[in-house]
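Listed below, chain by chain, are the residues.
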2 protein chains.
Amino acid sequence: MNSQNTQSSQRVQDSQRAQTGAAARRATYTPDSLLEVAVTVFNERGYDGTSMEDLARAAGITKSSIYHHVKGKEELLTRGVNRALDALNASLDTLEALPDGELDRVEQAVFRAVQILVDELPYVTLLLRVRGNTEAERAAQASRRAIDQRLAGFVERAAAAGALRTDLDPRLASRLVFGMVNSVVEWYRPGPGRWSADDVASAVTHVVFDGLRRR
Amino acid sequence: MNSQNTQSSQRVQDSQRAQTGAAARRATYTPDSLLEVAVTVFNERGYDGTSMEDLARAAGITKSSIYHHVKGKEELLTRGVNRALDALNASLDTLEALPDGELDRVEQAVFRAVQILVDELPYVTLLLRVRGNTEAERAAQASRRAIDQRLAGFVERAAAAGALRTDLDPRLASRLVFGMVNSVVEWYRPGPGRWSADDVASAVTHVVFDGLRRR
DNA sequence: TGGAACCGACCGACCGTTCGGTCTACTCTA
DNA sequence: TAGAGTAGACCGAACGGTCGGTCGGTTCCA
């Protein structure tokens, strides 16, 4: 009944080559490299469905050793979602600083959102799946809602500028568009011979703005 | 820290009026009315984040009383997801029996999917969020994948019939389209003065097939 | 030799579940 | 029609087990 995936750590190899061009140091965790393992497991089993024992097993160290690197389970969650939030907010700042061109801004927003989603896949996945059971989770949800609203603002400005079809409520359109964008985390997996971030981003952009129908 | 939402049961009133046209019997749960409460809580806190104590509190009975109606937590999950699976599969059967018209079939599939999603919102939400931590959850995921593949089949047939634009991989297009459809569970809430199921279904259909751009 | 990295043993709290029992509405019978 | 019997709905207490987290070490390298 237990899927025993023993260790898949990827610890930091020779974190510093030091002064001497000497041999590699023993593999060791940093908070960030541990986070990488943790977020992967969170996304497999869900945050609430993941025990510290699960994390320890996946990291190849004991439960107590995890507490040497981070304060606890919640810190891993916060660090994880913050990484996604930082990337998304940085992108929005850039977009907001762009000159007029309201339709172009929305197109850029969609394209960039997909790229970030693919580049930071595990972290964005974690963010999108967060429930509101603890204060940290509710804070993440609030930050995420703020991002959704900035994006919805772009769509409304494009609609007000007359760049979008007029038979759709911009707020509804925005929900649907970024719903499609976010749904990418449910199936996208990177790898050679698979779709690239740009493949997906341009497919999303094409469907969203011009539709599936042949014309 | 605890959001104390005390009881919101909706128990079965006068489950039988008996021979006499007598007064209403005392409110009581059935497995189905209890399921309704449970699925709501599952969707708020996540399945793994919900304790039997949480369910008991929301139902206004004790933990042990829940076991009078159902075998356990997992049965509530199975019953919940099955309700969604049954509705979706029934719709697909109907669609498959339709005469040719491959593009029309896909349009119908999208429209009907949104309708079911809205009609059975809590149950479909539960299905879409299931992780694979137990055998029951993995079974639900497998059934869901089967549905996704039937839908993808419709899209591929429409593409093969030349009804869709040719610069998009039909498998990718299918993921995106039903990703948008499924994303509706993340924000849709029924209520007077809000969007109806048909509002959302036709908005999704319009965006998916004709895009957001003014033309 | 100091400190980072790690470990095994353990803690109190809470988990899903079980058990014995109570209360109440209804049915059956004398 | 009184009263015994039955069955369903529910409860309080407790079960074995797992949870997130702590503590007092040991190891090992700069």
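Up top is the structure these notes are about.
Since the model is a prediction, treat every value here as computed from it, not as a measurement.

Per the counting criterion, the structure on display carries four cavities of 30 Å³ or more. If you list the elements that add at least two residues to the lining of the largest cavity, you get helix H4 (73-96), helix H5 (102-119), helix H6 (121-129), helix H7 (135-160) and helix H8 (170-183) of chain B. Broken down by element, the lining of the largest cavity gets its largest block of residues, five residues, from H5 of chain B. Considered class by class, the residues forming the lining of the largest cavity number 14 nonpolar, two polar and three charged. In this model, the second largest cavity occupies a volume close to 180 Å³. Around the second largest cavity, the lining is made up of 18 residues, and of these Leu88, Ala113, Ile147, Leu151 and Asn182 of chain A lie nearest the centre. Taken together, the residues of the lining of the second largest cavity sort by class into 14 nonpolar, two polar and two charged.

What follows deals with the packing of aromatic side chains. Here the structure, examined in full by the defined rule, presents six aromatic pairs over all chains. The residue whose ring lies beneath lysine 73 of chain A is tyrosine 47 of chain A, and the NZ or CZ to ring-centre distance is 4.6 Å. Positioned above the aromatic ring of phenylalanine 154 of chain B is the side chain of arginine 105 of chain B, whose terminal nitrogen or guanidinium carbon lies 6.0 Å from the ring centre.

Our next topic: the protein's contact with DNA strand D. Close contacts around DNA strand D come from 19 residues, with Met52 and Lys63 of chain A together with Thr62, Ser64 and His69 of chain B the closest. Considering the 4 Å shell around the protein, atoms of DNA strand D inside it are sugar or phosphate in 57% of instances. Within the backbone of methionine 52 of chain A, one N or O atom sits 2.6 Å away from a phosphate oxygen of DNA strand D. Mapped by element, the contributors of at least two residues to the surface near DNA strand D are helix H3 (63-69) of chain A together with helix H3 (63-69) of chain B. Top contributing element to the surface near DNA strand D by residue count: H3 of chain B, with five residues. Among the residues forming the surface near DNA strand D, the class breakdown is four nonpolar, 10 polar and five charged.

Attention now moves to the nonpolar core. Leu176, Val204 and Leu212 of chain A together with Leu176, Val204 and Leu212 of chain B are the most contacted members of the largest nonpolar core, which has 138 residues in total. In this structure, leucine 176 of chain A is in contact with Met180, Val184, Trp187, Ala203, Val204 and Val207 of chain B, ignoring residues within four places of it in sequence.

Glancing now at the protein's contact with DNA strand C. Not every one of the 20 residues close to DNA strand C is listed here, only the nearest: Thr62, Ser64 and His69 of chain A together with Met52 and Tyr67 of chain B. Protein-proximal atoms of DNA strand C, defined as those within 4 Å of the protein, fall in sugar or phosphate at a share of 60%. At 2.7 Å from a phosphate oxygen of DNA strand C is found a side-chain nitrogen or oxygen belonging to histidine 69 of chain A. When contributions to the surface near DNA strand C are tallied by element, the ones reaching two or more residues are H3 of chain A together with H3 of chain B. Here the surface near DNA strand C takes four residues from H3 of chain A, the largest share from any one element. Considered class by class, the residues forming the surface near DNA strand C number five nonpolar, 10 polar and five charged.

So, on to the relation of the copies chain B and chain A. Under the fitted operation, chain B is carried onto chain A by 0.0 Å of movement along the axis and a turn of 180°, and the coordinates agree to an RMSD of 0.1 Å. As the rotation angle and translation indicate, the two copies are arranged about a two-fold axis. When the interface residues of chain B are mapped onto chain A, 100% of them again fall at the interface, so both copies present the same face.

This part is about helix H9 (residues 197-210) of chain B. Because each turn of an α-helix spans 3.6 residues, side chains separated by three or four positions end up pointing in the same direction. Compared with the 20 Å implied by 1.5 Å per residue over 14 residues, the 20 Å span of H9 of chain B between its first and last C-alpha is a close match. The element H9 of chain B is extensively covered by neighbouring structure, given that 10 of its 14 residues are classed as buried. All of the buried residues in H9 of chain B are Ala197, Val200, Ala201, Ala203, Val204, Thr205, Val207, Val208, Phe209 and Asp210 of chain B. Of the surrounding secondary structure, the elements contacted by the buried residues of H9 of chain B are helix H8 (170-183) and helix H9 (197-210) of chain A together with H5 and H8 of chain B. Where H9 of chain B terminates, the next one or two residues include glycine 211 of chain B, which has phi positive at roughly 80°.

We now examine the interface of chain B and chain A. It is common to report an interface's size as the accessible area lost on association of the parts. At the junction of the two partners, chain B supplies 45 residues and chain A supplies 45 residues. When chain B packs against chain A, the two sides together hide about 4,400 Å² of surface, and 59% of this comes from carbon and sulfur. Counting across the chain B and chain A interface gives six salt bridges. Two residues, aspartate 210 of chain A and arginine 213 of chain B, come together in a salt bridge whose shortest N-O distance is 2.9 Å. Counting across the chain B and chain A interface gives 22 residue pairs in polar contact (both at pLDDT 80 or more). Considering every element that reaches the side of chain B that touches chain A, the biggest residue donor is H8 of chain B, with nine residues. Taken together, the residues that form the side of chain B that touches chain A break down as 19 nonpolar, 10 polar and 16 charged.

Residues and elements named next belong to chain A. The end-to-end C-alpha separation of helix H1 (residues 31-45) is 21 Å, in line with the 21 Å expected for 15 residues at 1.5 Å each. Considered for burial, the residues of H1 that qualify are Ser33, Leu34, Leu35, Val37, Ala38, Val39, Val41, Phe42 and Asn43. Structurally, H1 contributes buried residues whose contacts are with helix H2 (52-59), H3, helix H4 (73-96) and helix H6 (121-129). Within two residues after H1, glycine 46 carries a phi angle of roughly 85°, on the positive side.

The next point concerns the pattern of salt bridges. All names here are of chain B. This model, assessed by the stated rule, comprises 34 salt bridges over all chains. The residue glutamate 186 makes a salt bridge to arginine 129 at a minimum N-O spacing of 3.4 Å. With glutamate 186 in the loop between H8 and H9 and arginine 129 in helix H6, this pair connects stretches of sequence that are 57 residues apart. Arginine 129 gets classed as partly exposed once you look at its relative accessible area, which sits at 24%.

Parameters at a glance
Residues numbered from 1 in each chain as written. Chains lettered and ligands numbered in written order. Predicted model: local features only at pLDDT ≥ 70, side-chain atom pairs only at ≥ 80, totals over all residues. Heavy atoms only, no water. 1 Å grid on protein atoms, 1.4 Å probe; cavity = no way out; pocket = protein on both sides within 12 Å on 5 of 7 lines; lining within 4 Å. Points joined across faces, edges and corners; volume = space filled by probe spheres on them. Helix = DSSP H or I, 4+ residues; strand = E, 2+ residues; numbered from the N terminus. Nonpolar A, V, L, I, M, F, W, Y, C, P; charged D, E, K, R; others polar. Phe/Tyr/Trp six-rings, centres within 6.5 Å; stacked < 30°, edge-to-face > 60°. Lys NZ or Arg CZ within 6 Å of the ring centre and 35° of its normal. Near = heavy atom within 4 Å. Polar contact = N/O pair within 3.5 Å; in protein donor to acceptor, adjacent residues only side chain to side chain. Core = buried A, V, L, I, M, F, W, Y, C linked by side-chain atoms within 4.5 Å. Buried < 20%, exposed > 50% of the residue type's maximum accessible area, 1.4 Å probe, protein only. Contact = heavy atoms within 4.5 Å. Least-squares fit on C-alpha atoms with pLDDT ≥ 70 in both. Expected span 1.5 Å × (residues − 1). Buried area = accessible area lost by both parts, 1.4 Å probe. Salt bridge = Lys/Arg side-chain N within 4 Å of Asp/Glu carboxyl O.

In short, geometric facts, not functional conclusions.
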